[in-house]
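The chain contents come next:
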Amino acid sequence: MENLPRGLPAPPPPGAAALPPGTYAGQVVLVTGGGTGLGKAIATEFARLGADLVIASRRAEQLEAARRELAAVPGAGRVAAAACDIRDPERVAEVFDAAEAALGLPDVLVNNAAANFPSPAEDLSPNAWRAVVDITLTGTWFMTREFGRRHLAAGTPGSIVNIGASYAWTGGPGFSHSAAAKAGVKSLVETLAVEWGPYGIQINGLVPGLFPHADMTEDIRGGLERAAPGARDARQPALRVGAPHELGWAATFLASPYARFVTGHTLVVDGANWQRRSVVAPEVVPVREQLGRGPFGG
Ligand SMILES: CCCCCCCCCCCCCC(=O)SCCNC(=O)CCNC(=O)[C@H](O)C(C)(C)COP(=O)(O)OP(=O)(O)OC[C@H]1O[C@@H](n2cnc3c(N)ncnc32)[C@H](O)[C@@H]1OP(=O)(O)O
Ligand SMILES: NC(=O)c1ccc[n+]([C@@H]2O[C@H](COP(=O)([O-])OP(=O)(O)OC[C@H]3O[C@@H](n4cnc5c(N)ncnc54)[C@H](OP(=O)(O)O)[C@@H]3O)[C@@H](O)[C@H]2O)c1
């Protein structure tokens, strides 16, 4: 038989559950950025397993639409939406107050919200840098801090999943702000797993590879189109990109009772794309050129 490359098999279809039904019944799960893209896919898998959900991000209208969708997932518990800019620690505390009053202190926090746009490093204004680092790293810290303090005060266990990116290890040409912030997010996982483990708080990272979805920002979509026009599957060792529900399965596993001894770990779900380095890698194309920018200062 011919040994043709076929890539990694497709996952089971959306709607299948990776854990026993009701794994999260009676548990409250808070997902930042749970109204769009991968955050919504992650929230969907928690809903399918019976969780009560809180989704939080800035745009109330889009959150409300997602809230309705999530409430309709078979097996879902109650679903609440909270408009929140995670850069604002007071608003973050209010969201936890409201969640506690309505559903109970979240047992699981998924720090999924992040900000990103491609740019040559030398073009970034101080404010552009701050916007990305403040949302991705500092916002993640504000959410984590609030969650940790409340569990420490109550003497209850909890589980945190931080969504990362593989350029936390490799660096991210064209994404200097986001790569630096994601490296900080990964470092928080490693620090807090040790610091809060004695109090029963588990924290892991979860890194998506390339997971295209309908909510991708125009900037990211445009960068992707320029860098990888057409056949994206062929550019992955798996010969396919990720399906958002696959990431949801990984998140529900990491925060579940079946992964209680896994902490301080970052799981990469990318079909080994980030390992694809070689001394004869493809020709170097400067970031300015990849982004269709003219000479700096020109
Ligand atoms: C090399 C390329 C390869 C491509 C391959 C793709 C691979 C894909 C990999 C997949 C990885 C996927 C990973 C993911 O998907 S991560 C998730 C991506 N999703 C988001 O980022 C959603 C949220 N994003 C936002 O709200 C906004 O984009 C930002 C982050 C801006 C925050 O909004 P906020 O309302 O807080 O801020 P602001 O509007 O007041 O702006 C603040 C400052 O920022 C400057 N600013 C804003 N935009 C740009 C810009 N485009 N170029 C240069 N600068 C820009 C702006 O001028 C201002 O600076 P100044 O004027 O005051 O100085
Ligand atoms: N898609 C991929 O291929 C990929 C690859 C690697 C890593 N990731 C990571 O996966 C996660 C989700 O990304 P995505 O692709 O699903 O992108 P997305 O749809 O653009 O999601 C970003 C979410 O974060 C929320 N958000 C942004 N700024 C916020 C703020 N200040 N306060 C509260 N919420 C905020 C956004 O909602 P509002 O705008 O309403 O606030 C949005 O729901 C991110 O951590 C990203 O870095 C994605």
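Residues numbered from 1 in each chain as written. Chains lettered and ligands numbered in written order. Predicted model: local features only at pLDDT ≥ 70, side-chain atom pairs only at ≥ 80, totals over all residues. Heavy atoms only, no water.

This part is about the sheet that holds strand β3 (residues 79-83). Reading across the sheet, the 7 strands line up as β3-β2-β1-β4-β5-β6-β7 and stay open at both edges, with parallel pairing between neighbours. Two strands lie at the open edges of the sheet, namely β3 and β7 (266-269), each paired on one side alone. Sheet twist, expressed as the average angle between the axes of neighbouring strands with direction ignored, equals 15°. Pairing analysis gives 4 bridges linking strand β6 (residues 201-208) to β7, with the strands arranged parallel. Paired with L206 across the strands is L267, a residue of β7. In the packing of helix α1 (residues 37-48) onto the sheet, the strands contacted are β1 (28-32), β2 (52-57), β4 (108-111), β5 (158-163) and β6, and the crossing angle to β2 comes to about 170°. Running over the sheet, helix α6 (residues 176-196) touches β5, β6 and β7 and is turned about 155° from β6. (Pairing = 2+ DSSP bridges. Helix = DSSP H or I, 4+ residues; strand = E, 2+ residues; numbered from the N terminus. Axes fitted to C-alpha atoms, helices over the stretch in contact; angles between N-to-C directions. Contact = heavy atoms within 4.5 Å.)

Turning next to empty space enclosed by the protein. The full count for this structure, using the stated rule, is 1 cavity of 30 Å³ or more. Approximately 40 Å³ is the volume found for the largest cavity. Lining the largest cavity are N162, G164, A165, A168, K182, V185, K186, V189, G205, V207 and T266. (1 Å grid on protein atoms, 1.4 Å probe; cavity = no way out; pocket = protein on both sides within 12 Å on 5 of 7 lines; lining within 4 Å. Points joined across faces, edges and corners; volume = space filled by probe spheres on them.)

The predicted model of the protein chain has a mean per-residue pLDDT of 96, with 100% of residues at 70 or higher. For this predicted complex, the interface score ipTM comes out at 0.97, while the overall pTM is 0.97. (pLDDT = per-residue confidence, 0-100.)

Moving on: the site of ligand 2. In the vicinity of ligand 2 lie 26 residues, with T36, R58, N112, K182 and H213 positioned nearest. At a separation of 2.9 Å, an oxygen atom of ligand 2 approaches a polar side-chain atom of R59. A distance of 3.0 Å separates an oxygen atom of ligand 2 from a polar backbone atom of F211. Relative to its free-state accessible area of 880 Å², ligand 2 is covered by the protein chains to the extent of 89%. When its residues are assigned to classes, the shell around ligand 2 shows 11 nonpolar, 9 polar and 6 charged. (Near = heavy atom within 4 Å. Polar contact = N/O pair within 3.5 Å; in protein donor to acceptor, adjacent residues only side chain to side chain. Areas by Shrake-Rupley, 256 points an atom, 1.4 Å probe, with all protein chains shown as cover. Nonpolar A, V, L, I, M, F, W, Y, C, P; charged D, E, K, R; others polar.)

Tracing the chain through its elements places N111 in strand β4. Exposure remark for N111: the relative accessible area of 2% places this residue in the buried category. N111 sits 28 residues away from G139 along the chain, and the two C-alpha atoms are 8.8 Å apart. Non-local contacts of N111, meaning those with residues more than four positions away in its chain, are made with T32, T140, M143, T144, I160, V161, N162 and I163. Only 3.0 Å separates the side chain of N111 from the side chain of T144, close enough to count as a polar contact. Within polar-contact distance, the side chain of N111 engages the side chain of N162 at 2.8 Å. (Buried < 20%, exposed > 50% of the residue type's maximum accessible area, 1.4 Å probe, protein only.)

What follows deals with the UniProt feature "domain: Ketoreductase" (unreviewed entry) in the protein chain. In the numbering used here, UniProt assigns the "domain: Ketoreductase" (unreviewed entry) feature to residues 27-172. End C-alpha to end C-alpha, residues 27-172 measures 36 Å, and it is 49% helix and 18% strand. (UniProt positions renumbered as here; feature names shortened; annotations may be inferred.)

As paired strands, β2 and β3 are joined by 5 bridges and run parallel to one another. The partner of L53 across the bridge, within β3, is V79. With helix α2 (residues 60-71) bridging β2 and the parallel β3, this β-α-β connection has right-handed handedness. (Right-handed = clockwise from strand over helix to strand, strands pointing away.)

On to the side chain of H177, then. Relative to the assigned elements, H177 resides in helix α6. For H177, a relative accessible area of 0% puts it in the buried group. Looking at H177, its side chain comes within polar contact range of the main-chain oxygen of F117, at 3.1 Å. Residues contacting H177, with those up to four places away along its chain left out, are N116, F117, L124, A128, W129, V132 and V133.

Looking now at the environment of A214. With respect to the helices and strands, A214 occurs in the loop between β6 and α7 (218-227). A relative accessible area of 70% places A214 in the exposed class. As a C-alpha pair, A214 and T36 span 178 residues in sequence and 8.7 Å in three-dimensional space.

Moving on to the packing of aromatic side chains. Applying the stated criterion across every chain yields a total of 3 aromatic pairs. Seen from their ring centres, Y24 and F46 are 4.8 Å apart, and the 70° between their planes marks the pair as edge-to-face. Residue Y24 is found in the segment before β1, and its partner F46 is found in helix α1; the two are separated by 22 residues along the sequence. Considered together, Y24 and F46 belong to a single accessibility category, that of buried residues. (Phe/Tyr/Trp six-rings, centres within 6.5 Å; stacked < 30°, edge-to-face > 60°.)

What follows covers the site of ligand 1. For ligand 1, the set of nearby residues contains 18 residues, the closest of which are R58, R87, N116, S125 and N127. R87 has a polar side-chain atom sitting 2.8 Å from an oxygen atom of ligand 1. Between ligand 1 and D219 there is a distance of 3.0 Å, counted from a nitrogen atom to a side-chain nitrogen or oxygen. Protein burial of ligand 1: of its 1,300 Å² of free accessible surface, 61% is covered by the chains.

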